[in-house]
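# A structural walkthrough
For reference, the chains in residue letters:
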Protein chains: 2
Amino acid sequence: MTTTVRVLLADDEHLIRGALAALLALEDDLVVVAEAATGPEALAMARAHAPDVAVLDLQMPGADGVKVATSLRAELPGCKVLIVTSHGRPGHLKRALAAGVRGFVPKTVSAQRLAELIRTVHAGNRYVDPELAADAISAGDSPLTVREAEVLEHAADGAPVAEIAERAALAEGTVRNYLSSAASKLGAENRHAAVRLARERGWV
Amino acid sequence: MTTTVRVLLADDEHLIRGALAALLALEDDLVVVAEAATGPEALAMARAHAPDVAVLDLQMPGADGVKVATSLRAELPGCKVLIVTSHGRPGHLKRALAAGVRGFVPKTVSAQRLAELIRTVHAGNRYVDPELAADAISAGDSPLTVREAEVLEHAADGAPVAEIAERAALAEGTVRNYLSSAASKLGAENRHAAVRLARERGWV
DNA sequence: GCCCGCCCCTGACATTTGTCATGCCGGGCG
DNA sequence: CGCCCGGCATGACAAATGTCAGGGGCGGGC
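Residues numbered from 1 in each chain as written. Chains lettered and ligands numbered in written order. Predicted model: local features only at pLDDT ≥ 70, side-chain atom pairs only at ≥ 80, totals over all residues. Heavy atoms only, no water.

- Looking at an unreviewed UniProt entry, one finds chain A named Response regulator transcription factor and attributed to Streptomyces coelicoflavus.

## Section: the protein's contact with DNA strand C
- The immediate surroundings of DNA strand C are formed by 15 residues, with Arg-176, Asn-177 and Ser-180 of chain A together with Thr-145 and Asn-177 of chain B found nearest.
- Put simply, 57% of the atoms of DNA strand C that lie within 4 Å of the protein are in sugar or phosphate.
- Contacts to DNA strand C include Asn-177 of chain B, whose side-chain N or O atom sits 2.5 Å from a base oxygen.
- Where the surface near DNA strand C is concerned, the elements lending two or more residues are α9 (172-186) of chain A together with α9 (172-186) of chain B.
- With 4 residues, the single largest contributor to the surface near DNA strand C is α9 of chain B.
- Classifying every residue of the surface near DNA strand C gives 5 nonpolar, 7 polar and 3 charged. (Near = heavy atom within 4 Å. Polar contact = N/O pair within 3.5 Å; in protein donor to acceptor, adjacent residues only side chain to side chain. Helix = DSSP H or I, 4+ residues; strand = E, 2+ residues; numbered from the N terminus. Nonpolar A, V, L, I, M, F, W, Y, C, P; charged D, E, K, R; others polar.)

## Focus on the interface of chain B and chain A
- Facing 24 residues of chain B, the contacting portion of chain A comprises 26 residues.
- Where chain B touches chain A, the interface holds 0 salt bridges.
- For the pair chain B and chain A, the interface holds 13 residue pairs in polar contact (both at pLDDT 80 or more).
- Going through the elements one at a time, α1 (14-25), α5 (111-122) and α10 (191-201) of chain B are the ones with two or more residues in the side of chain B that touches chain A. (Contact = heavy atoms within 4.5 Å. Salt bridge = Lys/Arg side-chain N within 4 Å of Asp/Glu carboxyl O.)

## Here we look at the UniProt feature "domain: Response regulatory" (unreviewed entry) in chain A
- The sites that carry the UniProt feature "domain: Response regulatory" (unreviewed entry) are, in the present numbering, residues 6-122 of chain A.
- What you have in residues 6-122 of chain A is 47% helix and 23% strand, and the ends, taken at the C-alpha atoms, are 10 Å apart. (UniProt positions renumbered as here; feature names shortened; annotations may be inferred.)

## Describing the pairing of strand β4 (residues 80-85) of chain B
Residue and element names in this part refer to chain B.
- Judged by how many residues are buried, β4 sits mostly within the fold: 6 of 6 residues are covered.
- Of the two faces of β4, both are covered, the one formed by Lys-80, Leu-82 and Val-84 as well as the one formed by Val-81, Ile-83 and Thr-85.
- Across 5 bridges, strand β3 (residues 53-57) lies against β4 in parallel orientation. Each bridged residue has a counterpart across the sheet, and for Asp-57 the counterpart in β4 is Val-84.
- Traced from β3 through helix α3 (residues 65-75) to β4, the parallel crossover comes out right-handed. (Buried < 20%, exposed > 50% of the residue type's maximum accessible area, 1.4 Å probe, protein only. Pairing = 2+ DSSP bridges. Right-handed = clockwise from strand over helix to strand, strands pointing away.)

## Here we look at α9 of chain B
Residues and elements named next belong to chain B.
- Given a rise of 1.5 Å per residue, 15 residues ought to cover 21 Å, and the 21 Å separating the end C-alpha atoms of α9 matches this to within 8%.
- Among the residues of α9, those classed as buried are Val-175, Leu-179, Ala-182, Ala-183 and Leu-186. For α9, the buried positions fall inside an angular range of 100° around the axis, keeping them on one side. Facing away from the buried side of α9 by more than 90 degrees, the exposed set consists of Asn-177 and Ser-184.
- Tucked into the core, α9 has its buried residues touching α7 (146-154), α8 (161-168) and α10.
- Of the residues flanking the end of α9, it is Gly-187, one or two places downstream, whose phi is positive at about 70°. (Expected span 1.5 Å × (residues − 1). Arc of directions from axis to C-beta.)

## Overview of the protein's contact with DNA strand D
- In the neighbourhood of DNA strand D, 15 residues make up the surrounding shell, with Asn-177 and Tyr-178 of chain A together with Arg-176, Asn-177 and Ser-180 of chain B lying closest.
- Sugar plus phosphate, as a fraction of atoms of DNA strand D within 4 Å of the protein: 57%.
- Arg-147 of chain A is positioned with one of its side-chain polar atoms (N or O) 3.1 Å from a phosphate oxygen of DNA strand D.
- Contacts to DNA strand D include Ser-180 of chain B, whose side-chain N or O atom sits 2.6 Å from a phosphate oxygen.
- Elements with a contribution of two residues or more to the surface near DNA strand D: α9 of chain A together with α9 of chain B.
- With 4 residues, the top contributor of residues to the surface near DNA strand D is α9 of chain A.
- For the surface near DNA strand D, a count of residues per class yields 5 nonpolar, 7 polar and 3 charged.

Now the structure itself:
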């Protein structure tokens, strides 16, 4: 007997979610038991329906896919998580795996392939897109120290150093130093470029 | 007799494009005659198949939806363009309409609704998502002068003023001035925040 | 024709940011 | 234990950035 897999689908784009639900419904052994458009909603739906596999978009309003996965791991250990994403940032993959995610693929895969992957993770196996994995490996670990990353995050919206210093409870000179060392580690000309790079690599 | 509508589908995310194609195929009067994953590919497909309606993603590799629409308008005036987008930036809507686009909607619409809209634009009518329209109106026109926008663009990747000055063939002081006035017009603290805001509003 | 306002452009000055030399502390290692 | 290394923190100085006052050109209103 082929067991049927109960799936939760979470993506903020209704068009895509609906289309996906329709396509997955064509597979005999898959059934979409719940849909959600936001992070918190996904969590609530998961609690209510206890799906076998949760297919989560990485970027959703409220809480991103990784955050949802973390909560899910604690509350429903039996629920496997598969993350799909449009723009694969290396660091996200690492964070996702740390959160216990079982699968991680870009949205460029076909629906057919996605269905296979749902079965794969349901069977207890893992799968990450080879290209994303290669990116993550070549990007490597974050070279930033805890404080450097913290200061970079505060600098993300272009705030002046004085403001960052206040929020981080540091002297201005110190903040400038962290910014500077972070920028040089990232090979950036200035802190703004550094912020962009760190974001791209998923290190902030 | 209900005429059948020949549709071109362009989106870089295979998962979504495939799912969409499948759903639209369920509608009796719609037929997807071509698919594309990039801007140039969409253009080539349009030339080859001369579709009635082109459904374009706003953000694609190569050339964005608006650029494709512009070319299409010149080469295939009979082909109506409907743009779908994940992240609606006000300025894009304006540019799109200027490029002769007939419909503009976020990806949060349902597939059912999208099918209706394809018929709507095919019938010669226009449709823009009310919420996006409201955003565009409230965001209003760009308050930036030509030079201000130009300098902001050059500043986008965090380049130092000297470099911007060279690329724009201006004195450094002048560049600082434009940056400064642009920032104040946008209500930004500094040029980096200004760049972000201008991007969000679609003014650069 | 003349004035006014806006855009374009510039250099000088004040402020902010980036860089450097330095000190403190805790953890690993010979 | 004593040493060295790396992360954390700071202030002083040099360089980049933001702000200001001002001048030339062009078009619309009177």
